[in-house]
Protein chains: 2
Amino acid sequence: MTTDIRPVNIGLIGLGTVGGGVVRILKEHHDDFLRDQGVDIRLVACASRMEEEAVALGVRDLFSFDGSDVINNPEVDIVVELVGGTGVAREFVYAALESGKRVVTANKAIMATCGHDLLGVAGAKGLEVAFEASVGGGIPIIGALRNSLIGNRIERVVGIVNGTTNYMLTRMGESHLDYATALAEAQANGFAEADPSADVGGADAAAKIAILTTLAFNTEVVLEQVPTEGITALAPIDLEYAEQMDKTVKLLAVALRTPEGIDMRVHPTMLPKAHPLASVSGVFNAIYVVGDAVGETMFYGAGAGSGPAASAVVGDIIEVAQRITYGITRPFLRFGTEQLPLVPSADVVSSFYVRLPVPDRSGIVALTAKVFADNDVSIASMMQGAADDSDGTAQLIYVTHPVREGALRATLEGIQATGVLTGEPVVIRVENP
Amino acid sequence: MTTDIRPVNIGLIGLGTVGGGVVRILKEHHDDFLRDQGVDIRLVACASRMEEEAVALGVRDLFSFDGSDVINNPEVDIVVELVGGTGVAREFVYAALESGKRVVTANKAIMATCGHDLLGVAGAKGLEVAFEASVGGGIPIIGALRNSLIGNRIERVVGIVNGTTNYMLTRMGESHLDYATALAEAQANGFAEADPSADVGGADAAAKIAILTTLAFNTEVVLEQVPTEGITALAPIDLEYAEQMDKTVKLLAVALRTPEGIDMRVHPTMLPKAHPLASVSGVFNAIYVVGDAVGETMFYGAGAGSGPAASAVVGDIIEVAQRITYGITRPFLRFGTEQLPLVPSADVVSSFYVRLPVPDRSGIVALTAKVFADNDVSIASMMQGAADDSDGTAQLIYVTHPVREGALRATLEGIQATGVLTGEPVVIRVENP
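Residues numbered from 1 in each chain as written. Chains lettered and ligands numbered in written order. Predicted model: local features only at pLDDT ≥ 70, side-chain atom pairs only at ≥ 80, totals over all residues. Heavy atoms only, no water.

Participant: Lay out the overall build of chain A with the relevant residues and their values.
Facilitator: Of regular secondary structure, chain A possesses 15 helices and 16 strands. Computed over the C-alpha atoms, the radius of gyration of chain A is 24 Å, within 12% of the 22 Å expected from 2.2 N^0.38 for a compact globule of 433 residues. Each principal axis of the C-alpha distribution contributes one length, and for chain A these read about 85 × 45 × 35 Å. Taking all 433 residues of chain A together, the buried fraction comes to 60%. Across chain A, contacts joining residues at least 24 apart in sequence account for 73% of those joining residues at least 6 apart. (Helix = DSSP H or I, 4+ residues; strand = E, 2+ residues; numbered from the N terminus. Rg over C-alpha atoms; globule rule 2.2 N^0.38 Å. Buried < 20%, exposed > 50% of the residue type's maximum accessible area, 1.4 Å probe, protein only. Contact = heavy atoms within 4.5 Å.)

In structure tokens:
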């Protein structure tokens, strides 16, 4: 029964490590997919900037330097976009849909900025845009939210979705490396790019939580709406204090359903060691999901790398190919069809760890403590770190009781205004069990 | 576009906690499923032994005491079997397929004993048997193996798939409870049944790994083929020694692809603390999967309970309903279409922890060590536990280097033959990083 089915033709734009992985899997598993999945997948066109990539993969005969050739190829049913970024890749994806082709993409930047519009355009034409690889590498979180967990009202999605920063924080914690050394090590190991700003600044994680939020809560959000803090200000001393509190510092991407709307943000967090996410170390990613029926679940795996991403892309290709083979034309999935309010970050209540670099002299505690009091920010504990003899700077560490972020911000401004700080204050949210 | 679609009618057999959860979710989310999933799901019939369950759920008008009424109801498209066990439930499932109805089941016993045949019968008729809830409660492991990870050659599946034993082992480890106390506590908390033999003996975990193995490696295996050891012989001292070796004791359900075939088993294992499964505690389940492309992944969640199981059942109902709505008739999934050899457990190589209860007198170490040597079982370490003054019994603990299980068994027989043992030896596999 799988012999008389029509082939599904794939056009691949981008032949880097992920694209290469996809080509290899489609070759290796063609017969399995035909026998077990009922789809006859054929790669009929590919494009990249470097012809040698096509030669190395043995697909020189299908190769073009111009992605448009793939999109305009009448034989192509599914365009697989692995270029990345929001420039030409975005044009490719829209052009593919315009020409009636399905799209599989690993592009988080596109999905986090115009995913809602893309799904709308696709849906109106009875086409699909599949994007499992855009979040969490090979972790099948998109599929789980779309299918297996569909009976749930999702209450929270909390993820460690950036391997670079998780690797750096793991190393800073276990080996007391400073930020610069941890970054250099990550770059040396190929876990961080030459320009790491999107990772360490939190933008990468923000794009991913925007996608997960849109899907999990069916409300349209875009990258720009995610309040984002990175890890660039963190020092080993912060991880040591976390350890003292039996907590681990993680860069979390958070989306919570609240009575006031969706509370969504990216920032470093001191997480209780008992939390399932606390033991996710190194370059691994994990997404923790709480649904009203299923309760707590967590999905763990390699968040980056050619193999994991290729695994996710191929999973999408098979699903879209089956829809073509079966002639399914109804919209692929809901993606932000509602408009839930977003909770202003100033209104979000949390405990905070605040480290203040101050001169090593008396009166500073009283001076700064007064500013907390003036802003009705209740102090849970205060610790004074040893002074750095080289410049006589001491570290004053406050941990607050749960307080509105707005009040904490006002407190920091007040302390800045006293002119007592010798450096930037460091703020880390503290999650209590 | 979702208004002109035909309704999909559900018949539910079994209205216990899981069935009740399914009824509630189908009611609550009917409009979401219609709008977002394109399926119009309607409960048209249900059966259970207790009418009051139907009354409590407000479905008295659909109720019957006889499951056959549900199966024979011409309106029913999908029969949801939540009776459990291999008796009448098995008959219901076959009868449903015979009468041309699709099946969604949470029944691990059926799937682990005649799942291959059931899928065959269903496939021949263009029907489906969906069983996400049969393994790992609400954890979407079946869906992940069937869909998202389909581009992978699965190399290993290792699961903590029994919440009762994981709860007991967690408590024995953290609070040094003995086996009987831990079991009593589990029963008091509703985590263990009055007759816990299927859980503590490992049969429950064996059924689940049989299902996962069949799916992950596409090779037919049944419950009876799984070499199974439970946790009934374990004592706090064993968990303390594991702690000394920086390991955690877990009841693992294992399936590995090897050059000789599939190595499948269920037994307590000393797992390095750094392993992702080591931090899965209490009643939680987790399934660790390694694929050639995706690498290491893990799926974590509540392995039991009405909510999680209902979440999985509803996910299956939606998928099957979509296949009906779209008129898809090709076989649902491959399930053991190949016949890979199973590695005889005697040939499996592992390190072993062996605890020998012996009289507290000299010469015993030499006597027992000689038997290890005679069987070419290399000893990695030996520890002598403090004697129990009450009966003068000492605990002799050996940890072996990797060795064939057959050689270890011969060693134990040899030691038994010396007549020196004052109790049953305890054997736990030791997994090294």
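And the narrative resumes.
Participant: Describe the sheet that holds strand S6 (residues 129-130) of chain B, listing the residues and the values that go with them.
Facilitator: Residue and element names in this part refer to chain B. If you trace the 6 strands from one edge of the open sheet to the other, you get S3-S2-S1-S4-S5-S6, paired in parallel fashion. The sheet is open, and its two edges are formed by strand S3 (63-64) and S6, each paired on a single side. One ladder, built from 2 bridges, connects strand S2 (residues 40-47) with S3; its direction is parallel. When the sheet's bridge partners are listed, Cys46 is paired in S3 with Phe63. (Pairing = 2+ DSSP bridges.)

Participant: Provide a residue-level description of the domain arrangement of chain A, including the pertinent values.
Facilitator: When cut into domains, chain A gives domain 1 (7-137 + 306-326), domain 2 (142-302) and domain 3 (348-430). Between the C-alpha centres of domain 1 of chain A and domain 3 of chain A the distance comes to 51 Å. (Domains from an automatic or database assignment.)

Participant: So what's going on with the relation of the copies chain A and chain B? Which residues, and what values?
Facilitator: At an RMSD of 0.0 Å, chain A and chain B line up after a rotation of 180 degrees and a shift of 0.0 Å along the axis. Viewed as a symmetry operation, the transformation between the two copies matches a two-fold axis. The position closest to the rotation axis in chain A is occupied by the C-alpha of A:Phe299, lying 2.4 Å away. Both copies contact each other with a shared surface, as 100% of the interface residues of chain A are interface residues in chain B too. (Least-squares fit on C-alpha atoms with pLDDT ≥ 70 in both.)

Participant: Provide a residue-level description of unusual backbone geometry, including the pertinent values.
Facilitator: Residues and elements named next belong to chain B. Of note in this structure, Asn218 is not a glycine but carries a positive phi near 50 degrees. By the element assignment, Asn218 lies in the loop between helix H11 (203-216) and helix H12 (236-244). On the basis of relative accessibility, which here comes to 1%, the residue Asn218 falls in the buried class. Non-glycine residue Asp376 carries a positive phi angle of around 55 degrees.

Participant: Go over the environment of B:Asp376, please, and point to the residues and values.
Facilitator: Looking at the secondary structure, you find B:Asp376 in the loop between helix H14 (364-374) and strand S13 (379-388). Considered as a pair, B:Asp376 and B:Ser197 are 179 residues apart in the sequence and their alpha carbons are 35 Å apart.

Participant: Break down the sheet that holds strand S4 (residues 78-81) of chain A for me, with residues and values.
Facilitator: Residues and elements named next belong to chain A. Read across the open sheet, the 6 strands follow the order S3-S2-S1-S4-S5-S6; overall the sheet is parallel. Of all strands in the sheet, those bounded by a partner on one side alone are strand S3 (63-64) and strand S6 (129-130). Pairing of strand S1 (residues 7-13) with S4 involves 4 bridges; the strand directions are parallel. Opposite Ile13, over in S4, you have Glu81 as the bridge partner.

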